[in-house]
Amino acid sequence: GAGVSQSPSNKVTEKGKDVELRCDPISGHTALYWYRQSLGQGLEFLIYFQGNSAPDKSGLPSDRFSAERTGGSVSTLTIQRTQQEDSAVYLCASSKTGGRDTQYFGPGTRLTVL
Amino acid sequence: KQEVTQIPAALSVPEGENLVLNCSFTDSAIYNLQWFRQDPGKGLTSLLLIQSSQREQTSGRLNASLDKSSGRSTLYIAASQPGDSATYLCAVPASGGSYIPTFGRGTSLIVHP
């Protein structure tokens, strides 16, 4: 079907609030990735899902960050008690089966924490 | 830990030039290498994926080569156009059986008319 979609496209929140970011991968793709891209920085890996399982959570920066995936499809990234340093673009990507396949990226969610 | 370096960090050229963007990686035990393009305020678009068994891949005016033993890849852009202006990133999976990609910081390209 369509490409990877993410919502919202922009999110402005106050420090200390919780936010949820959503990713809809390409239908049938079993692998899903979350990344963070800060201004002037490279792409930072956050978490990887294979189906509904997350074999690698090593990139989550703190316990304020969590993610889940349901039905092998939609994923949500939750940031609790947001801090100003969480401001970044959060990108989601999916691939057909995993590491040897092309990754397809969504347009990202720009998060601004005031 | 896999590290990916891209040179140059920025490039500004007149239209029509042939370009070479470089990517180097520290651990040669990779499954593949992927080149992406990112336009300002957008996500990444996959350009080319080279499997470890391949030496190069071509798509239109783009040609990517891979030399695993030396830990290098190059992206060649022929007859550059203003529409090629974007940031180009390369990514390789981490070593040790991990499938998690490590990205370079990118090369910011401006092609002026």
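Below is a short write-up of the structure.

The helix and strand tally for chain A stands at zero helices and eleven strands. What you see in chain A, going N to C, is helices and strands ordered as β-β-β-β-β-β-β-β-β-β-β. A globule of 114 residues ought to have a C-alpha radius of gyration of about 13 Å, and chain A, at 13 Å, matches this closely. Considering only C-alpha atoms, chain A reaches an extent of 35 × 25 × 25 Å along its principal axes. Roughly 5,400 Å² of accessible area belongs to chain A as shown, and the carbon and sulfur atoms make up 45% of that amount. The positive charge centre, built from 12 side chains, and the negative charge centre, built from 11, are 2 Å apart in chain A.

The tally for this structure, following the rule as stated, stands at two disulfides over all chains. The side chain of C23 of chain A participates in a disulfide bridge whose partner is C92 of chain A; the two sulfur atoms lie 1.8 Å from each other. The disulfide joining C23 of chain A to C92 of chain A has a torsion of about -60° about its S-S bond and is therefore left-handed. In this pair, C23 of chain A sits in strand β3 (residues 19-24) while C92 of chain A sits in strand β9 (residues 88-95), placing the two residues 69 residues apart along the sequence. Of the two residues examined, C23 of chain A and C92 of chain A, each falls in the buried class. A sulfur-sulfur separation of 1.9 Å characterises the disulfide bridge that pairs C23 of chain B with C90 of chain B. Since a negative S-S torsion denotes a left-handed disulfide, the C23 of chain B-C90 of chain B link at about 70° is right-handed.

Residue and element names in this part refer to chain B. The five strands lie next to each other as β1-β3-β8-β7-β6, forming an open sheet whose pairing is antiparallel. Each having just a single partner strand, β1 (4-7) and β6 (56-59) make up the two edges of the open sheet. Averaged over neighbouring strand pairs, the angle between their axes works out to 15° when direction is ignored. Where strand β3 (residues 19-25) lies against strand β8 (residues 72-77), six bridges are found, and the strand directions are antiparallel. What sits directly across from V20, in β8, is Y76.

Once that is clear, we can look at the layout of surface pockets. Of the pockets and cavities examined, the largest pocket occupies roughly 660 Å³. Along the wall of the largest pocket there are 34 residues; nearest its centre are Q37, S38, L39 and G40 of chain A together with Q38 of chain B. Tallied by class, the residues present in the lining of the largest pocket amount to 13 nonpolar, 17 polar and four charged.

Quick look at the pattern of salt bridges now. All names here are of chain A. A full pass over the atoms with the stated rule returns five salt bridges over all chains. Here D24 and R22 are joined by a salt bridge, their closest N and O atoms 2.8 Å apart. Under the relative-accessibility criterion, R22 is labelled partly exposed at 37%. Here R36 makes a salt bridge to E44, at a shortest N to O gap of 3.0 Å.

About the criteria used
- Residues numbered from 1 in each chain as written.
- Chains lettered and ligands numbered in written order.
- Predicted model: local features only at pLDDT ≥ 70, side-chain atom pairs only at ≥ 80, totals over all residues.
- Heavy atoms only, no water.
- Helix = DSSP H or I, 4+ residues; strand = E, 2+ residues; numbered from the N terminus.
- Rg over C-alpha atoms; globule rule 2.2 N^0.38 Å.
- Areas by Shrake-Rupley, 256 points an atom, 1.4 Å probe, with all protein chains shown as cover.
- Lys, Arg positive; Asp, Glu negative; His and termini not counted.
- Charge placed at Lys NZ, Arg CZ, Asp CG, Glu CD.
- Disulfide = S-S within 2.5 Å.
- Buried < 20%, exposed > 50% of the residue type's maximum accessible area, 1.4 Å probe, protein only.
- Pairing = 2+ DSSP bridges.
- Axes fitted to C-alpha atoms, helices over the stretch in contact; angles between N-to-C directions.
- 1 Å grid on protein atoms, 1.4 Å probe; cavity = no way out; pocket = protein on both sides within 12 Å on 5 of 7 lines; lining within 4 Å.
- Points joined across faces, edges and corners; volume = space filled by probe spheres on them.
- Nonpolar A, V, L, I, M, F, W, Y, C, P; charged D, E, K, R; others polar.
- Salt bridge = Lys/Arg side-chain N within 4 Å of Asp/Glu carboxyl O.

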